[in-house]
Amino acid sequence: ICSFVALFHDVQEQTRLTANDYFEIFLDPSLDELVQKNKKGLYEENSDYLLYQFPKHEYPRAPELRLNNIVNGIYQDHLNEIKKKLFRRLKISH
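What you see is a predicted model, and the numbers here were worked out from it, not measured in a lab.

Calculation notes
- Residues numbered from 1 in each chain as written.
- Predicted model: local features only at pLDDT ≥ 70, side-chain atom pairs only at ≥ 80, totals over all residues.
- Heavy atoms only, no water.
- Helix = DSSP H or I, 4+ residues; strand = E, 2+ residues; numbered from the N terminus.
- Buried < 20%, exposed > 50% of the residue type's maximum accessible area, 1.4 Å probe, protein only.
- Salt bridge = Lys/Arg side-chain N within 4 Å of Asp/Glu carboxyl O.
- Phe/Tyr/Trp six-rings, centres within 6.5 Å; stacked < 30°, edge-to-face > 60°.
- Polar contact = N/O pair within 3.5 Å; in protein donor to acceptor, adjacent residues only side chain to side chain.
- Contact = heavy atoms within 4.5 Å.

Draft legend 1. Examining the environment of Ser3 more closely. Tracing the chain through its elements places Ser3 in the segment before helix H1 (9-18). Among the residues examined, Ser3 registers a relative accessible area of 71% and is labelled exposed.

In structure tokens, the structure reads:
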């Protein structure tokens, strides 16, 4: 299990080609939730990140699993959902 921050399609595609048994999970909280959490100050109104970098992100085109991991300011536990999809993909019974 590896974590990649791959905000551009060329990096995502290269990772998919080179990683064995690649299974992409895209953590996709709403922008409103990110603004609310804002632990590092990235989502301050008119911040350089929000104005210039955030709009350039290229989100995964076809992740195996897309999860909204923050709801009402609370991080969500999706472990069972991840295991179910991953086990099905790897043909592992549980």
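Back to the text.
Draft legend 2. Quick look at the pattern of salt bridges. In this structure the tally under the stated criterion is 5 salt bridges. Among the salt bridges present, the one from Glu13 reaches Arg61, with a minimum N-O distance of 2.6 Å. Taken together, the residues Glu13 in helix H1 and Arg61 in the loop between helix H3 (48-53) and strand E2 (65-67) connect sequence positions 48 residues apart. Its relative accessible area of 41% is what places Glu13 among the partly exposed residues. Its salt-bridge partner being Glu64, residue Arg16 comes within 2.8 Å of it at the nearest N-O pair. Placement of the pair is Arg16 in helix H1 and Glu64 in the loop between H3 and E2, with a sequence separation of 48 residues. According to the relative accessible area criterion, Arg16 is partly exposed, its value standing at 33%. Salt bridges sharing common partners tie together Arg16, Glu24, Glu64 and Arg89.

Draft legend 3. Main features of the packing of aromatic side chains. If you walk through the whole model with that rule in mind, you get 4 aromatic pairs. When the centroid spacing of 5.6 Å and the interplanar angle of 40° are considered together, the rings of Phe26 and Tyr59 count as tilted. With a gap of 33 residues between them, Phe26 in strand E1 (residues 25-27) and Tyr59 in the loop between H3 and E2 connect regions that are remote in the sequence. Chaining the aromatic ring pairs together yields one cluster made of Tyr43, Tyr49 and Phe54.

Draft legend 4. Structural detail: the side chain of Glu24. Tracing the backbone through its elements, the reader meets Glu24 in the loop between H1 and E1. Polar side-chain contacts of Glu24 include one of 2.9 Å to the side chain of Arg16. If sequence neighbours within four positions are ignored, Glu24 has contacts with Gln12, Arg16, Pro60, Ala62, Pro63, Glu64 and Leu65.

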